[in-house]
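Single-letter residue listing:
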Amino acid sequence: MQAQRVALVELPDPALLRRFDRLGPRYTSYPTADRFVEAFDDVAFAGWLRSRAVMPARPLSLYVHIPFCNTICYYCACNKVITRDHRKAVEYLGWLEREVTLVAGYLEPRPAVEQLHLGGGSPTYLSDEELERLVAMIGERFRLEQGGEYGVEVDPRTAPPEKIRALASLGFNRLSVGVQDFDPDVQRAVNRIQSFEMTRATIDAAREAGFESINLDLIYGLPKQSGASFARTLGQVLEIAPDRIALYHYAHLPERFKPQRRIEVTELPSSEDKLAIMMQAITRLTESGYEYVGMDHFAKSSDSLARAQRQGRLHRNFQGYSTRPDCDLIGLGVSAISKVGPTYSQNARALDEYYDPLRAGRLPTGRGVLLGADDLIRRAVIMALMCHFSVSKESIESGHLVRFDEYFHQELAELAPLEQEGLVENSSDWITVTPRGKLLVRAIAMIFDRYLRDDRRRRPYSRIV
């Protein structure tokens, strides 16, 4: 057995980072969502939902997408609906209830749920009464287990302390708080005005209400950001001391995300400045006691995410890193993605396209994919790298009946330049990402991605660093 996993991360030379930096997937799934096909439809998804009733029970997670926001944040790449007409949310909940009823009808009676996550958009766009209705419609058809993880994304601008207390009364015990940056000039540049005091009041209320884990989202690379300004933001974040911190890289893709066209390109930090901000942030967070979990996530050693990584239980899905592996995930709502057995499926991305099949009594599946044997092998390798920074060759061989070095002979040859730079080690038993290579783990995982190898067109991925 390999030695205990550690959370150490080493910052390589900037020139080395730039040399291996490239466009690449974030690997919240493999195959990635851009490989899903329309041939995998609602009938196919329904069949795999039914399979849960006859197969050995697998743990179940639910994700519910609430797409609405009051105002637009210019950097945002989420699937969202900007409106102050609250009647649209009321209508949406009606159709969502229809989807919940349809999905539950294919499953065993009131299946147990270990995880529930509300994402957006902004779930706190909903009123307390609407949130209560949402939890009730789920609780009537699913059994929310004692000791489960029940998380919600909140915008402090729509989540004052009384709303946080209402969420706690509904059973939520994990909170993810959007911040991005506390600097007033940066906030004005991205149209998200949110004071430190407002954010702190939301988080203080969550702690008083007994939330078990609080995450705070930051973004580096935003307009008007500098090393000095982001250092001030980090100081304020460390004063709040959340259990987890997500430090995301801003990808400027205005041709794909229309709100980003409102960002003044000349105000974006240079690639060199952006890299310096990232490295400064990683150094400061790790020196302040946060463990580097992977990609852009940090957690206190006492948090369940850090414990899951140390114990080899860390998993990655469409919400990022998760503490409970091997769950079936059912996504509810517009654009939500499900993982059931060896399949992925995604709901229609536009509201009208989501509502239309529900009117006809059909699931709103827009596309998906059934994984083949090669997909399953490569998914196991890529997810082990992304979650644990190591792959046991013996585990892959026994689980998939292949000889690792023979099956991946081409990939191991392509791994050699990264080995020479000290980013990864390839022994007879293990592939291990070194502390120096952890920031480039996506580049290492990409070597095992057959779809990238066979691709003939450019994909709209973000840069690794």
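For every chain, the first residue of the written sequence is number 1, and numbering continues from 1 onward in sequence order. Where local features are concerned, this predicted model is filtered to residues with pLDDT of at least 70; where side-chain atom pairs are given and counted, the filter is 80 or more; whole-chain, interface and lining totals use all residues. Just so you know, side-chain values use all the structure's heavy atoms and leave hydrogens and water out.

**Student:** A description of the pattern of salt bridges should follow, citing residues and the corresponding values.
**Tutor:** When their charged atoms lie close together, side chains carrying opposite charge are able to pair. By convention in these notes, a salt bridge is any Lys or Arg side-chain nitrogen within 4 Å of a carboxyl oxygen on Asp or Glu. Within the structure shown, the criterion is met by 32 salt bridges. Of the charged contacts in the structure, one is a salt bridge between R141 and E140, with a shortest N-O distance of 3.5 Å. Here E140 falls in the exposed class, since its relative accessible area comes to 53%. Of the charged contacts, one joins R200 and D204 as a salt bridge, the two residues approaching to 3.9 Å between their closest N and O atoms. Remark: D204 and R200 occur in helix α7 (residues 196-208); sequence separation between them is four residues, near one turn of the helix. Given the relative accessible area of 26%, R200 is considered partly exposed. When accessible area is computed with a 1.4 Å probe and restricted to protein chains, residues below 20% of their type maximum are described as buried, those above 50% as exposed, and intermediate ones as partly exposed. Owing to a relative accessible area of 29%, D204 belongs among the partly exposed residues under this scheme. Residues joined by salt bridges that share partners form a network here, namely D374, D375, R378, E411, E414, R450, R453 and D454. For the purposes of this entry, the term helix denotes a DSSP run of H or I that reaches at least four residues, the term strand denotes a run of E that reaches at least two, and both are numbered from the N terminus.

**Student:** Lay out the packing of helix α3 (residues 87-106) against helix α4 (residues 128-141) in plain terms, naming residues and giving numbers.
**Tutor:** A fitted line through C-alpha atoms serves as each axis, taken over the contacting stretch for helices, and the angle formed by two N-to-C directions is quoted from 0 to 180°. With their axes 10 Å apart at the nearest point, α3 and α4 run at an angle of 10° to one another. Relative to α4, the element α3 is oriented roughly parallel. Within the contact between the two elements, α3 uses V90, L93, G94, L96, E97, V100, T101 and A104 and α4 uses E130, R133, L134, M137 and R141. The class makeup of the residues in the contact of α3 with α4 is seven nonpolar, two polar and four charged. Roughly parallel here means an angle under 35 degrees, roughly antiparallel means over 145, roughly perpendicular means 65 to 115, and every remaining angle is called oblique. By the convention used here, residues are in contact when the closest approach between their heavy atoms is within 4.5 Å. Charged residues are taken to be Asp, Glu, Lys and Arg, nonpolar residues to be Ala, Val, Leu, Ile, Met, Phe, Trp, Tyr, Cys and Pro, and polar residues to be all remaining types, Gly included.

**Student:** Tell me about the nonpolar core, residues and numbers included.
**Tutor:** Formed by 122 residues in total, the largest nonpolar core has its most connected members in L134, F142 and L385. With eight residues, the top contributor of residues to this core is α3. Contacts of L385, omitting those with residues within four sequence positions, involve S390, V391, I431, V433, V441, I444, A445 and F448. Core analysis: the second largest hydrophobic core is formed by 12 residues, I72, C76, V186 and I263 among them. Remark: nonpolar core denotes a set of buried residues (Ala, Val, Leu, Ile, Met, Phe, Trp, Tyr, Cys) joined through side-chain atoms within 4.5 Å.

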